[in-house]
Amino acid sequence: MPVIDQQRISDGFLTLERGIDAGKSPNLLPRNQASFAVNATMRGGYVKTRPAFNNIPLVFTAIEQADAESMQSNFKTGKFQGAYNYHHGRNSYFVCAIGGYLYKIDVKSGVVNDITPKKEDGTADINPPDIPYFFFQQAEQYLVIQDGISLPIIFNGASARRSDLKQNEVPVGTAMAYGNGRLWVAKGREFVAGDIVGGPTNVIRFTENTYIAEGGAFSVPLDTGNITAMKFVSQPDSSLGQGELLVHTLKAVFAVNVPTSRDNWKKVSYPTVRIVAINYGSVSERSCTLVNGDMFYRAPDGIRSYVSSRREWKEYGQVPVSREISNVLNLEQLSSITQLTSSVLFDNRLLTTVTPNTNSNQGIFFQGLAVLDFDLVGGNGQKSPAAWEGLWTGLNFLQLLDAEIEEEERCFSFVLDGNCRIQLWELTKNGKKDNEKTSIECYIETSSYSFENPFELKRLEYGEMWVDQLEGEVDFNIKFKPNQYPAWVDWSEFTECSKTENCDPPAGSCLTFINYKPQYRSRRRLPQPADSCESVNGAPMRNGYEISARIGWTGQARIKGFRLHAYPVIEEPYGDCAEFGACS
């Protein structure tokens, strides 16, 4: 007959619907929030393996085989300068700039074509191959590509050419935006608007900039810096679903709201350019992502929300919405993320490239994605607030792109492989293994458990965990540490196997198909940790006032519960005198 142990104390977690928070001390976190996580998702409440990444095979085509081989070589080894999802009618392509050349990628077939403009002598009219960043913006059927120096390139879905300034076409610039029927182009602190769509000219013409008083160039204040990004916010109950144009610099965000007809611009009584957020604007146009009526963007101090910044206008301090992942973002240097950070909204998650690495001839790449989930626990009756899911790793990300292909929302990334070759990968919604063959390595770091008494010393005795949705072979590696010790201590390693595939039968026999299902393991016990000693304090490692755990696994699994068991340790009623010496 089981005996109830009156002295044993327990602590742990079931669900983690509040995601992670690495910006606070682990002992301050609630039970339904982890301290940090890598390659994990808490969608649905329980923590499990993130969705997989898959490689997209590319086929390089040209009239001559030598041209195809040269194109492939430049594509894989040139400096990555940017990409854009071109979508018009039935046409949907990725257009990317690598080493000064332009390439069109049909994602459905993987076919790559060179669309670089040609000079009069038939040679490629490339842009400078060493510029790290190109700007892209689609206006109706035209995709405009800028590098801030060369004449803009205009791609119409079939071919590309240079802008004709004699015909008042798109001027040289940097950041661009298209909204309310006009193409906007920025350079330095100034930005201008093109002709309205459906007018006497076309949308890539700039013929109305005759008089500044009647709607020529706009500018931002000198002390806020150059324009880094421009994007229209979404607005309901409007004919186009677009609201104001937000113009970003590193130190501020401005809103531009002008009538559709330029004839009425000189008649407005309100400021056409007004400041709406101070001190922190976007570092990159690629990082500006619309989420319903809000805009998220990477600022110098973290990831920010336009709506949140507006809400805190009259409050003290300005806090980004990324404090929960400050341990990752605080290590980033501004010079390595300016213009290059990218983000997308995919599957109700905001994905943002983080942890940049400059050690590559192909350009700065990012070693992880910061993940903000807007749909951890949702439904008609209840919806949890957005929460950070930590860091997703596994690829060296150059730029994220979202696309709608055959009416399906999909997400892609240009990446660098282990040999520094540029590739195209897809981020799936429910894939099990990276590239369908590599198991995903995951871990979470729990909060620091005090067992409801932070001033009582405890001795960790054993642990328990509940696991389900096991598929294939899953390796577990459990560590712990007392009192927020700076290093993790090995505890237990084990493997669970859940057969999910039919194997080839012996020669001469028939294969019997079996519909395998994911398995579960109820109350998997973790043994007593080893009695190692913490030398500085001269105490056993499994003794502590608070204890946290690091649960690592490789493969497909979901953690449904985790619990630590400990016993109180009787201490001397009076403390001893300290014998610690001075630092040498």
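Residues numbered from 1 in each chain as written. Predicted model: local features only at pLDDT ≥ 70, side-chain atom pairs only at ≥ 80, totals over all residues. Heavy atoms only, no water.

(A) Main features of the environment of Thr 116. Turning to its location among the elements, Thr 116 is positioned in the loop between strand S10 (111–114) and strand S11 (135–139). Between the C-alpha atoms of Thr 116 and Thr 49, which are 67 residues apart in sequence, the distance is 41 Å. Among all residues touching Thr 116, those that are not within four sequence positions of it are Tyr 101, Leu 102, Ala 124, Asp 125 and Ile 126. Of the polar contacts made by the side chain of Thr 116, one reaches the backbone nitrogen of Leu 102; its length is 2.9 Å. A polar side-chain atom of Thr 116 sits 2.7 Å from a polar atom in the side chain of Asp 114. (Helix = DSSP H or I, 4+ residues; strand = E, 2+ residues; numbered from the N terminus. Contact = heavy atoms within 4.5 Å. Polar contact = N/O pair within 3.5 Å; in protein donor to acceptor, adjacent residues only side chain to side chain.)

(B) Just the nonpolar core, in detail. Judged by nonpolar contacts, the single largest core of 55 residues is most densely connected at Ile 444, Met 465, Phe 476, Trp 553 and Phe 562. Top contributing element to this core by residue count: strand S40 (residues 547–568), with nine residues. Not counting residues within four places of it along the chain, the set of residues in contact with Met 465 comprises Phe 476, Ile 478, Phe 494, Arg 521, Arg 523, Arg 524, Leu 526, Ile 551, Ile 559, Gly 561 and Phe 562. Counting 50 residues, the second-largest nonpolar core is a separate cluster that includes Met 176, Ala 186, Phe 206 and Val 344. (Core = buried A, V, L, I, M, F, W, Y, C linked by side-chain atoms within 4.5 Å. Buried < 20%, exposed > 50% of the residue type's maximum accessible area, 1.4 Å probe, protein only.)

(C) View of unusual backbone geometry. Positive phi outside glycine occurs at Asn 180, with the angle close to 50 degrees. Note that Asn 180 resides in the loop between strand S15 (176–179) and strand S16 (182–187). Of the residues examined, Asn 180 reaches a relative accessible area of 29% and is grouped as partly exposed. Of note in this structure, Asn 348 is not a glycine but carries a positive phi near 60 degrees. On the secondary structure map, Asn 348 appears in the loop between strand S26 (343–346) and strand S27 (349–357).

(D) Region of interest: the pattern of salt bridges. Applying the stated rule across the entire model yields 25 salt bridges. A salt bridge links Lys 108 to Glu 406, with the nearest nitrogen and oxygen atoms 4.0 Å apart. With Lys 108 in the loop between strand S9 (101–106) and S10 and Glu 406 in the loop between strand S30 (396–405) and strand S31 (408–416), this residue pair connects regions lying 298 residues apart in the sequence. Each member of the pair Lys 108 and Glu 406 is classed as exposed. A single network of salt bridges, built from pairs that share partners, joins Arg 43, Asp 347, Arg 349, Asp 373 and Glu 389. (Salt bridge = Lys/Arg side-chain N within 4 Å of Asp/Glu carboxyl O.)

(E) View of the environment of Val 38. With respect to the helices and strands, the residue Val 38 is situated in strand S2 (residues 36–38). Sequence spacing of Val 38 and Glu 389 is 351 residues, and the spatial spacing of their C-alpha atoms is 8.1 Å.

(F) Structural detail: the packing of aromatic side chains. A complete count under the given rule lists 18 aromatic pairs for this structure. On the numbers, 5.2 Å between centres and 35 degrees between planes, the contact of Phe 80 with Phe 414 is tilted. Pair noted here: Phe 80 is in strand S7 (residues 80–88) and Phe 414 is in strand S31, with a separation of 334 residues, a long-range link. Judged by its relative accessible area of 5%, Phe 80 is buried. A residue is classified by how much of its surface remains accessible, and Phe 414, at 0% relative accessible area, is buried. (Phe/Tyr/Trp six-rings, centres within 6.5 Å; stacked < 30°, edge-to-face > 60°.)

(G) The arrangement of the sheet that holds S11 in detail. In space, the four strands of this open sheet follow the order S11-S12-S13-S14, with antiparallel pairing throughout. Looking at the sheet topology across the chains shown, the edges are occupied by S11 and strand S14 (160–162). Shown here is a sheet whose adjacent strand axes are inclined to one another by a mean of 25 degrees, direction ignored. In the sheet, strand S12 (residues 142–146) pairs with strand S13 (residues 153–155) via three bridges, with the strands oriented antiparallel. Bridge pairing in S13 links Val 144 to Ile 154. (Pairing = 2+ DSSP bridges. Axes fitted to C-alpha atoms, helices over the stretch in contact; angles between N-to-C directions.)

(H) Spotlight on the sheet that holds strand S24 (residues 294–299). Here we have three strands laid out as an open sheet, ordered S23-S24-S25, and antiparallel in their pairing. Bordering the open sheet on either side are strand S23 (289–291) and strand S25 (302–305), each of which pairs with just one other strand. Ignoring strand direction, the axes of neighbouring strands in this sheet form an average angle of 30 degrees.

(I) Summary view of the side chain of Asn 85. Mapped onto the elements of the fold, Asn 85 is located in strand S7. Once residues within four sequence positions are removed from consideration, Asn 85 is found in contact with Ser 92, Tyr 93, Phe 94, Gln 138, Leu 401, Asp 402, Ala 403 and Glu 404.

(J) Highlighting the environment of Pro 129. Its place among the elements puts Pro 129 in the loop between S10 and S11. Along the primary structure Pro 129 and Ile 98 are separated by 31 residues, whereas in three dimensions their C-alpha atoms are 7.4 Å apart.

All quantities given are derived from atomic positions and should not be read as evidence of function.
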